[in-house]
Amino acid sequence: MREITEEKLNNYIERTREAIEIIKKGMPPRRSLLYDIAKDFLTMIESYYKDALAFKEKGDYINAFASLNYAYGWIDAGVRLGLFDVGDDDVRFTLAK
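The shown structure was predicted, so the numbers you read here are calculated from the model rather than taken from an experiment.

Novice: Sorry if this is basic, but what is going on with the packing of helix α1 (residues 6-25) against helix α3 (residues 61-81) here?
Specialist: Pairs of packed helices are described in terms of their axes, by the angle between the two and the distance that separates them. Viewed as axis vectors pointing N to C, α1 and α3 meet at an angle of 25°, and their least axial separation amounts to 10 Å. As far as their axial angle goes, α3 and α1 are roughly parallel. Regarding α1 and α3, the two cross each other, and that crossing is left-handed. Residues E6, K8, L9, Y12, I13, R15, T16, A19, I20 and I23 of α1 form the contact with α3, whose participating residues are Y61, A64, F65, L68, A71, Y72, I75 and V79.

Rendered as structure tokens:
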């Protein structure tokens, strides 16, 4: 397959949206030294997610898909570093162990 279908893109948008909601619930305590780092990661994640939505709106599915992949890269990096507590959810996230 050499194209990104609307169905595939919508699936990835939904999966990323769900992951963002989960990691928001798993943020470190505000007084933790890791909180500011987690907030920075979340800012990057949400920025790439919003970019994906904007690219999709313009019909640019390639860059929308690329933006979602960047967002999920930040998500998985944050999860693996322990910035976000996602429990044992190794279906949506790449856990360290």
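So much for the structure itself; the text now carries on.
Novice: How should I be thinking about the nonpolar core in this particular structure?
Specialist: Looking at soluble globular proteins, one finds that nonpolar side chains tend to be buried together. Grouped together as the largest cluster of nonpolar side chains are 24 residues, with contacts concentrated most on L9, I23, I75, V79, F84 and F93. Elements represented by at least two residues in this core include exactly α1, α2 (34-57) and α3. Looking at which element gives the most residues to this core, the answer is α2, with seven residues. Not counting residues within four places of it along the chain, the set of residues in contact with F93 comprises A19, I22, I23, Y72, I75, D76, V79 and V86.

Rules of the game
- Starting afresh in each chain, residues are numbered from 1 along the sequence in its written order.
- This being a predicted model, a pLDDT of at least 70 is required before a residue's local features are given, and a value of 80 or more before pairs of side-chain atoms are given or counted; all residues contribute to the totals for chains, interfaces and linings.
- Processing note: side-chain calculations cover all non-hydrogen atoms of the structure and skip hydrogens and water entirely.
- Working convention: axes come from line fits to C-alpha atoms, limited for helices to the stretch in contact. Angles between N-to-C directions cover 0 to 180 degrees.
- The helix and strand labels rest on DSSP assignments: H or I over at least four residues marks a helix, E over at least two residues marks a strand, and numbering proceeds from the N terminus.
- Any angle from 65 to 115 degrees is called roughly perpendicular, while one under 35 is roughly parallel, one over 145 is roughly antiparallel, and all others are oblique.
- Crossing handedness is read from the near helix: turned anticlockwise from the far helix by less than a right angle, it gives a left-handed crossing, and turned clockwise, a right-handed one.
- Throughout, a contact is declared for two residues whenever any of their heavy atoms are within 4.5 Å.
- Only buried residues count toward a nonpolar core, which is a set of Ala, Val, Leu, Ile, Met, Phe, Trp, Tyr and Cys residues joined through side-chain atoms within 4.5 Å.
- The cut-offs for exposure are 20% and 50% of the maximum accessible area for each residue type, with area from a 1.4 Å probe on protein chains only; residues under the lower value are buried, those over the upper are exposed, and the others partly exposed.

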